[in-house]
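The lines below spell out each chain.
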Amino acid sequence: MKDKVKYGHELLDIEIPEGTDLSILLPKQHPTGVRSEEIVEDALAHPIGARLLAEEIHAGDTVCILTNDITRLTRSHIYIPILVRELNKAGVPDGDITILFANGMHSAMTEEQMCSLITEDIYRRVTVVQHDCEESPCQLVGTTSYGHEVWANKIAMAADKLILTGGILVHHMAGFGGGRKDIIPGCARKDTILSNHKMVIDPNAQAGVLENNPVHLDFMEACAFTHPAYLLNVICDDHGMISRAVAGHWREAYLHGAELAKDFYLYPIPERPDIVIASCGGFPKDIDLRQSKKGFYNASRAVKKGGVIICLAECPEGCSKEMDDPFEEWLGRYPDKDSVVAELKRKVNMGGLNCYKVRECQAHCRLILITALDQKRMAEVNVECYPKEQLNEVIRTVLAEYDHPKVLYMPQATLTLPLVKE
């Protein structure tokens, strides 16, 4: 099999030798002939668990729209203008609308990046703010049943009406993204985010799983404290096209959207392969190792215990583009899953949480990255990697270690979560 596979901003030629017992996991596609705008408009015309937007939000209301940052390509430049237009039609002028980028613990964006996410027209017309988990003023809105205080951005909390937006994607510990994640981690204080994320070591904190998932349930409790007035979430295909959308009540519409996402992103496979060859899906999904881990985590859900994952993840920004993330430091200090877990129970931070996901994968299988990360440095922190020029050589070498191996090819690993029938 020959293919061109996404790696950062480029396509690499990949060759899987003839005669290989090969299966391919491809994501579902955007419905032919249906424009993304039509899908968003239809969702707003048929809200779930709520009335039409114009019946829930009125003239005189101040509105804060929470939306994702540059690490999530959700086609927000399509749905944000539609949402602002509908608010204008409902009698809410531009001057009463604030767009708050729910950056969570991610770095601040440039003006150019913000314009690309909501269009320059909208950027110039409404108030635009970025959340900073360390510097933005926050207020206590409640304490969850898990004992976690929820501190949320004061600007968002001061609005008469709060609207959640974003994409419902597979998430490696919260089950799915979107919805309630606009609050935690989106516009929450750093200690609130870390209190929630320390539950990553819970066995129910898995991709594609909401039931009994403490990370998700804590998110939901926190979100309820903020009383969102509306939600608009989308589901995107591997080309970034909006394929599904839901709107309405923040809880009911979101949970309906999560069910749609299960059908869209979860793929039953009959048995575990010996080898998985995966791509994170290119930029921005492989902008750094922090984001790329979602791709090889999904691949690890398929591969046999002791098998091999070969994952393409360019990582031009290194282990983490976030300046205060000690991810690489943790990789250097904690070489295996048990040592990371022991330290996380003592002290939690994002470096430890990211390190845990890498070591969790490595505890299950051999992980090989095809990446721009420095090969020598990564070897020092127990991460096996090779440059892009050696992609096909690595594939041939790994295949040669097996007699008749079963191979699974996942060209969009972040958008395809395998489910093994066991």
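Below, the structure is looked at part by part. The shown structure was predicted, so the numbers you read here are calculated from the model rather than taken from an experiment.

Reading the values: rules and limits
- Residues numbered from 1 in each chain as written.
- Predicted model: local features only at pLDDT ≥ 70, side-chain atom pairs only at ≥ 80, totals over all residues.
- Heavy atoms only, no water.
- 1 Å grid on protein atoms, 1.4 Å probe; cavity = no way out; pocket = protein on both sides within 12 Å on 5 of 7 lines; lining within 4 Å.
- Points joined across faces, edges and corners; volume = space filled by probe spheres on them.
- Helix = DSSP H or I, 4+ residues; strand = E, 2+ residues; numbered from the N terminus.
- Nonpolar A, V, L, I, M, F, W, Y, C, P; charged D, E, K, R; others polar.
- Buried < 20%, exposed > 50% of the residue type's maximum accessible area, 1.4 Å probe, protein only.
- Pairing = 2+ DSSP bridges.
- Right-handed = clockwise from strand over helix to strand, strands pointing away.
- Axes fitted to C-alpha atoms, helices over the stretch in contact; angles between N-to-C directions.
- Parallel < 35°, antiparallel > 145°, perpendicular 65-115°, else oblique.
- Left-handed = near helix turned anticlockwise from the far one by under 90°.
- Contact = heavy atoms within 4.5 Å.
- Phe/Tyr/Trp six-rings, centres within 6.5 Å; stacked < 30°, edge-to-face > 60°.
- Lys NZ or Arg CZ within 6 Å of the ring centre and 35° of its normal.
- Arc of directions from axis to C-beta.

### Notes on the layout of surface pockets
Right, on to step 1. Taken as a whole, the second largest pocket encloses approximately 250 Å³ of empty space.
Right, on to step 2. For the second largest pocket, the lining is made up of 16 residues, of which Q206, Y297, R301, K357 and E360 are closest to its centre.
Right, on to step 3. Of all the elements in the fold, those that place two or more residues in the lining of the second largest pocket are α10 (289-300) and α13 (350-364).
Right, on to step 4. Per-element tally for the lining of the second largest pocket: the top contributor is α13, with six residues.
Right, on to step 5. For the lining of the second largest pocket, the class distribution of residues is eight nonpolar, three polar and five charged.

### Some points on the pairing of strand β16 (residues 308-312)
Right, on to step 1. β16 sits mainly inside the fold: five of its five residues count as buried.
Right, on to step 2. What you see with β16 is no split at all: V308, I310 and L312 on one side and I309 and C311 on the other are buried throughout.
Right, on to step 3. In this sheet, β16 lies alongside strand β15 (residues 275-279) in parallel orientation, the contact comprising five bridges. Among the inter-strand pairings, V276 is bridged to a residue of β16, identified as I309.
Right, on to step 4. Each parallel crossover has a hand, and for β15 linked through α10 to β16 it is right-handed.
Right, on to step 5. Pairing geometry for β16 and strand β17 (residues 366-370), over five bridges, is parallel. Bridge assignment links C311 to a residue of β17, and that residue is L369.

### Some details on the packing of α10 against α13
Right, on to step 1. Two numbers describe how α10 lies on α13: the axes approach to 10 Å, and their chain directions differ by 30 degrees. For the element pair α10 / α13, the angle class is roughly parallel. Handedness of the crossing formed by α10 with α13: left-handed. When α10 is examined against α13, the residues R290, K293, F296, Y297 and S300 are found in contact with a partner set consisting of M350, N354, K357, V358, E360, C361 and H364.
Right, on to step 2. When its residues are assigned to classes, the contact of α10 with α13 shows five nonpolar, three polar and four charged.

### Let's talk about the packing of aromatic side chains
Right, on to step 1. Summed over all chains, the structure comprises two aromatic pairs.
Right, on to step 2. When the centroid spacing of 5.1 Å and the interplanar angle of 80 degrees are considered together, the rings of F264 and Y265 count as edge-to-face.
Right, on to step 3. For F264, a relative accessible area of 1% corresponds to the buried category.
Right, on to step 4. The ring of W151 carries the charged tip of R189 above its face, separated from the ring centre by 4.0 Å.

### Quick notes on the sheet that holds β17
Right, on to step 1. The sheet built from six strands is open, its strands ordered β3-β19-β15-β16-β17-β18 with parallel pairing. Where the open sheet ends on each side, the last strands, each with one partner, are β3 (21-24) and β18 (384-386). Across the sheet, the axes of successive neighbouring strands diverge by a mean angle of 20 degrees, strand direction being ignored.
Right, on to step 2. Of the strands in this sheet, β15, β16, β17 and β19 (406-410) are in contact with α10, which crosses β16 at around 140 degrees.

### Structural notes on helix α4 (residues 111-118)
Right, on to step 1. Here α4 has its buried residues at M114, C115, L117 and I118. The buried residues of α4 occupy an angular sector of 165 degrees when the element is viewed end-on, so they sit on one face.
Right, on to step 2. Summarising the contacts, the buried residues of α4 are in contact with β4 (63-67), α3 (76-89), β5 (97-101), α5 (120-125) and β6 (127-130).
Right, on to step 3. Remark: T119 follows α4 within two positions and exhibits a positive phi of approximately 80 degrees.

None of this, on its own, says anything about what the molecule does.
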